[in-house]
Structure formats: C-alpha cells, structure tokens
2 protein chains.
Amino acid sequence: MIKLEALRVFVTVAESGNIKDAADAVGRTASAVSMTLKQLEDEIGGPLFQTDRKNSLTALGNLMLDLGREQIRSFDKSVSIMRAFAHSRIGSLSIASVPSVATNVLPPILQRFLETRPQVQVELFDIDSAQVRRMVESGVADIGIAGESRAGGGVEFTPLFSDRFKLLCRDDHELCRLERPVEWSDLSGATLIRNGASDRIEAEEHKRLSAQSLITVYNVTSLVALVKAGLGLTILPSLTMHGAHDGVAVLELADAAASRQVGLVERRDIPPSPVAAAFRAFAVEQIPAMVAEHLGTLNGA
Amino acid sequence: MIKLEALRVFVTVAESGNIKDAADAVGRTASAVSMTLKQLEDEIGGPLFQTDRKNSLTALGNLMLDLGREQIRSFDKSVSIMRAFAHSRIGSLSIASVPSVATNVLPPILQRFLETRPQVQVELFDIDSAQVRRMVESGVADIGIAGESRAGGGVEFTPLFSDRFKLLCRDDHELCRLERPVEWSDLSGATLIRNGASDRIEAEEHKRLSAQSLITVYNVTSLVALVKAGLGLTILPSLTMHGAHDGVAVLELADAAASRQVGLVERRDIPPSPVAAAFRAFAVEQIPAMVAEHLGTLNGA
DNA sequence: TTATCAATTTCAGAAGAATTGAAGTTGGTG
DNA sequence: CACCAACTTCAATTCTTCTGAAATTGATAA
C-alpha cells in the first residue's frame, strides 16, 4: 500500500534534485530515502526518475510530483482544520442568554474569549429563561445562561452566581426615607408591578403582595418608565438594572433569600463542541467575577 | 504524525458504528483498532466519539469523518491515476509516421493497441521522413516511423522492416512483356519520374537515370496519375502502392539492394512516457508481421 | 582509456511501530 | 443486581522502517 509519507519523501527528492539533500531535509539517511523511492516505484509500477541521479523526472515522475504535492497540501490542511476545531480555534458557538446577562456581562467576556479565537463564529440570542432552556434543549443554542429551573428535562443547570432582588421605586417615595433594608411588611399597602423575574421569589409575603398586583411588565425599560411615572414599585434582580435612572431609587431588601440563581444551561446527553466546551470553561471561570465587579460598580454609583 | 491509514480506520469505525465490525472490515483485531483510534484522538486533540461505544460521533468526529472521507477518496484516486499512467492505460501518444505506414499499416495496429487502452489519447501525423525526425527530436511527437537516415542527431533509429522498391509503369509498356525482373539496363532510354523515396536508391545506374529525370512528384496519387497518363515510369517502395490501379503495372526490380529500411525514430536522451514505451513495444512486435501480410496481399492481388 | 570521487544502492542488523491475544473494565439490559 | 457484550489495556510478538558499512554506479578529469 502506498503511503502519504512515501509521497512526501518523493516530493522532497524531486525538489532537491538529489537524495542526500532530501535525506537531510526529511531527517533520514540517504539509504532510507533510496529504499522508500524504490518501494514507491515498485508499487506505482514504473520509474520516477530518468537516471539514478535524481535530477530529472520521467513523465510518470512529473505526474506523481503534481498529484503528490496536491495530496500532501490537502491532507495537511485537513489535519490543521481538525486540530483547529479540536482546540476550539475555529467552529461556531450559539449562545442563548437572558437579557440581563447578555447586556451587562457577556460583551466583555465574549470579547476576551474571541481575542485568542478570531475565527470562531458566534451567535448570541437574548431571550427569557424558559426560551433559553428550549433553545438549548432543541440544539439551536450550544449553551444557555438563565435562571435556575426546577424541571430537569434534557438540560442541566450549573449555577454561576446569585443575584439578589432589589426594590425599585420613585426617589420621592416614602420608603426611601427608611434608613434600613426594606422588609416585606414595609410594602403592605404599596402597589406592586409584577415582572417576569419577580415571580420567582419564594417568600409568602411577597406572593401575597404580588397576587394583588394588577400590572405585569416584561420589559425592563418599560418597567422603569412605569415606576418613574408613579404607577407603583417593582422588585427586580440587581443585574437587570443597568446603571442609574433619574428619578428612581434602588433599595435593598431585608430578605436575603430573595435572590435568583443564574447559571449555565447545557444539554445533558450530547457532548459540547470544542468551542462550546471552551466557552463553558471560560464562562465558569470569568462570569462570577465579572458579575461581582458589575454589581460593585452599580452599588458604588 | 497523523497517518492516512488511521483516518481509514476511523472512517470505517464511524460507518460501522462499532469497533468489532470495523476491525473485521479492515482485517485487524478490535484491540488494534481501539489503539489506533486512541492515538488519533491524542494527536488531533479531542474525543471523536461520544462514548466508548462507537455509535455516535462528537462534533469533532463528524468533522473528521467528512474531511477524512474526502482525503481518502482523493488519495486513492490520485494513486489510481498514477498507476493507470504507469501501466499506460491513460496518457497521450503522439505518433509521426511516413504516409505509407500511416495509411497501410498503422490503422489496425492502433486499433488493437487501443482496444485494451480506451482512455489513451492518440495523435497521428503523416509527414515525410525528414519531418518525422524533426518532430521526434523537438518532442512534438513521442515516437516516429520513418525511413533510415544517416545523420544521428538527437534521435535513434530502430529498423522494423525493409521494403523493396518496385517499378511502376503503364500496363501497355513494353517492359511488361519482360518475363523476368527488370534490370537497371532495361531502363536506359526510359523516362523516369522522380519521387521523394526513390532518391534513396544507392545503385549508380539508377542515380544516372534519375539525374536525367525532369519531373519530381512527392504525392503518390499524383505520381500514379502521371504514370497512367504516360509521362513516364517511376520507382517506389512496395508499401506506398496501396492496392492495384487500373492501367498501371507493378514490376519487380532485379536489384535486391534497392530497398528502404523503415523503422522507429525515438529520442535518445529522454525516456518515453509509459504509453509511448508500450506503443513502441507493441509496434516492434506487430509491425513487421503486419507489413509482411500487407505486402503478401498486395502481391497476391 | 583509466582513475577518481561523490552519489546512490544494497545488505544485514537495530530500532521502532503496529498488531495480537489474553486479561481487565465498562456500561447497558434483563 | 448480575450478566454480557463491547471496549480498553498490557506485554509479547511481528512487521516495517531505519541505519551504517560496504559495494556499485556513473560522471569528470587525467
């Protein structure tokens, strides 16, 4: 059976014009090269060089030089593609994330991730937690970032950070004058605006308050606008509030349990592609610190 | 270094869905296949299968299956082209031949030659001996068939057959009544038409007769027409006279030395391509018999 | 023509890689 | 939970390729 390695040797000899130099080039002795050539000629069925001084090719040798070069080039390229893919330097990565993370956390993370992987193709979807899970489950997204869900399904959840809920109200609201974290009892009588995230709060007091609420808003910008307009208060995870807004205040809640777990959502059954695995590792390493930093600046501002 | 053979094993396993069947298919034991796969994974830098039951590929495995299949296909095709060329099943063959051989001898020879080589491309030029030599020397033709020449040049001559000159005259000419081969002396006083081939006759008597000739014709058809019209006699190699012509007779010459050597013309320095070499061998084997047969039927007719 | 010399080939032994068969693991299934 | 088939591991073996020395070849100069 003819081997690609033999073609490599032949091409080197054809290019060198003699065995000795070619032998040096491939790191073998002249005798090894000579034997390889002989074997190649036997297997192909004809002489490749005009004389045993290897400076001129036969017609067969020329054909073999052309075809051999092309085979070598193509093989090496394929191998390099496979290696690049395995080492996640190429490939495609589809991320589904809840908007708070997609907006506040992912941009710098992705930037750093792609710095060493300029050839990787990324898609980023910002959708709510339920849809994140659905996209990952269906394989449309390689990896998801969402709030924790009880239902297992085909996906697995790995916590990354927890994000405490805070109260958002007009800055002239009486609660702002409280010099301490807000208790649920402080809110009795207040008008609460529900949102997609606040339903996750386990506290009975909150559930009761929430049940009385007449308005539900899913978009954070609209939510802030409503609060500002004086239609009520709302309770949101810290991370969803990007930056400060004029006229609204963010107050701490006394209930430490009022927080959401945000983490990675992945398919349980099929292994991630190399890029997805690399991103997963990167995310686990970097996102918690990034969130801490982001929440720090939020509080500081 | 990754080997094409390892890719072959991998592709077989990926297609079989398990190691055992693949091992049978490639004629190895399961353990050899397992080790090859492991080595491949190490060298590529990632797992190719989702589990150690080899029935589902990772993303990397899928990529490798695609690329590997293509590499294998392409390599095998290249090798088969090289082999086909070496065994002269493909390639191109350019033949330059004097018209007598091109017309009377080559057609059946070429047909038989190409019967087992339907992919070979052939070009056939019919030109005079000097030009045959020139075409071979310049490399335009791979092989030539021509009369012998003294000047060596870059070409080599290999005799194939000798072809006696004969006398062509009107069938009402008085020489036809001779019941014996014609002597040069019988021609004194006759009008000779010179032609491209007859100048090669060494005999002094002929040279003298020829010197008196006023007409030279290079085309055989025209030559026959002139003889028929009664403008004179001419002397031609047997093979140039294809079939019988009404009104003209072909007479034997007594001078046995009046013949031309026809043979192969080849370049001395560069080796022939496989097809050319195959044709050369075929020609050496078949042309003499073919000529004998052809001249036999000519004489018999 | 012969002598010379470097390149190449040949050869036998050495080194290295792949393969085998047996034993040990693993993971799925009844 | 035990079984079974598939797979992996390991050490020994076999096969291939490589090396270094010696022989051969062919080009160049004497």
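**Side note on the protein's contact with DNA strand C**
Piece 1. Near DNA strand C there are 20 residues, and of these S34 and K54 of chain A together with K3, T29 and S31 of chain B occur at the shortest range.
Piece 2. Within 4 Å of the protein, the contacting atoms of DNA strand C are drawn from sugar and phosphate to the extent of 61%.
Piece 3. I19 of chain A has a polar backbone atom sitting 3.0 Å from a phosphate oxygen of DNA strand C.
Piece 4. Here a phosphate oxygen of DNA strand C and a backbone polar atom of K20 of chain A are 3.2 Å apart.
Piece 5. Among the elements of the structure, α2 (19–26) and α3 (30–44) of chain A together with α3 (30–44) of chain B are those that each provide at least two residues to the surface near DNA strand C.
Piece 6. Sort the elements by how many residues they give to the surface near DNA strand C and α3 of chain B lands first, with five residues.
Piece 7. A per-class count over the surface near DNA strand C returns four nonpolar, eight polar and eight charged.

**Comments concerning the packing of helix α1 (residues 4–16) of chain B against helix α2 (residues 19–26) of chain B**
Residue and element names in this part refer to chain B.
Piece 1. Between α1 and α2, whose axes approach to 8 Å, the crossing angle comes to 130°. Comparing their axes, α2 and α1 come out oblique. Classified by chirality, the crossing of α2 by α1 is right-handed. Touching T12, V13 and S16 of α1 are I19, D21, A22, A25 and V26, all from α2.
Piece 2. Classifying every residue of the contact of α1 with α2 gives five nonpolar, two polar and one charged.

**Remarks on helix α4 (residues 59–86) of chain B**
Piece 1. Taking 1.5 Å as the rise per residue, α4 of chain B with 28 residues should run 40 Å; its terminal C-alpha atoms sit 41 Å apart, in good agreement.
Piece 2. Downstream of α4 of chain B by a residue or two, S88 of chain B has a phi angle that is positive, lying close to 60°.

**Re empty space enclosed by the protein**
Piece 1. Counted according to the given criterion, the structure contains two cavities of 30 Å³ or more.
Piece 2. Space inside the largest cavity adds up to approximately 80 Å³.
Piece 3. I2, K3, L4 and E5 of chain A together with I2, K3, L4, E5 and F75 of chain B together form the lining of the largest cavity.
Piece 4. The calculated volume of the second largest cavity comes to roughly 30 Å³.
Piece 5. Together, L192, I193, R194, S198, H206, S210, T234 and I235 of chain A line the second largest cavity.
Piece 6. Only β5 (192–195), α8 (204–211) and β7 (233–237) of chain A provide two or more residues apiece to the lining of the second largest cavity.
Piece 7. At three residues, β5 of chain A tops the list of elements feeding residues into the lining of the second largest cavity.

**Description of the protein's contact with DNA strand D**
Piece 1. Inspection of the region around DNA strand D gives 20 residues, with K3, T29 and S31 of chain A together with S34 and D52 of chain B positioned closest.
Piece 2. For DNA strand D, the fraction of protein-proximal atoms (within 4 Å) that sit in sugar or phosphate groups is 67%.
Piece 3. Backbone polar atom of T29 of chain A to a phosphate oxygen of DNA strand D: 2.8 Å apart, as the coordinates give it.
Piece 4. At 2.8 Å from a phosphate oxygen of DNA strand D is found a side-chain nitrogen or oxygen belonging to K54 of chain B.
Piece 5. Taken together, the elements giving at least two residues each to the surface near DNA strand D come down to α3 of chain A together with α2 and α3 of chain B.
Piece 6. The residue makeup of the surface near DNA strand D, split by class, is four nonpolar, seven polar and nine charged.

The rules we used
- Residues numbered from 1 in each chain as written.
- Chains lettered and ligands numbered in written order.
- Predicted model: local features only at pLDDT ≥ 70, side-chain atom pairs only at ≥ 80, totals over all residues.
- Heavy atoms only, no water.
- Near = heavy atom within 4 Å.
- Polar contact = N/O pair within 3.5 Å; in protein donor to acceptor, adjacent residues only side chain to side chain.
- Helix = DSSP H or I, 4+ residues; strand = E, 2+ residues; numbered from the N terminus.
- Nonpolar A, V, L, I, M, F, W, Y, C, P; charged D, E, K, R; others polar.
- Axes fitted to C-alpha atoms, helices over the stretch in contact; angles between N-to-C directions.
- Parallel < 35°, antiparallel > 145°, perpendicular 65-115°, else oblique.
- Left-handed = near helix turned anticlockwise from the far one by under 90°.
- Contact = heavy atoms within 4.5 Å.
- Expected span 1.5 Å × (residues − 1).
- 1 Å grid on protein atoms, 1.4 Å probe; cavity = no way out; pocket = protein on both sides within 12 Å on 5 of 7 lines; lining within 4 Å.
- Points joined across faces, edges and corners; volume = space filled by probe spheres on them.

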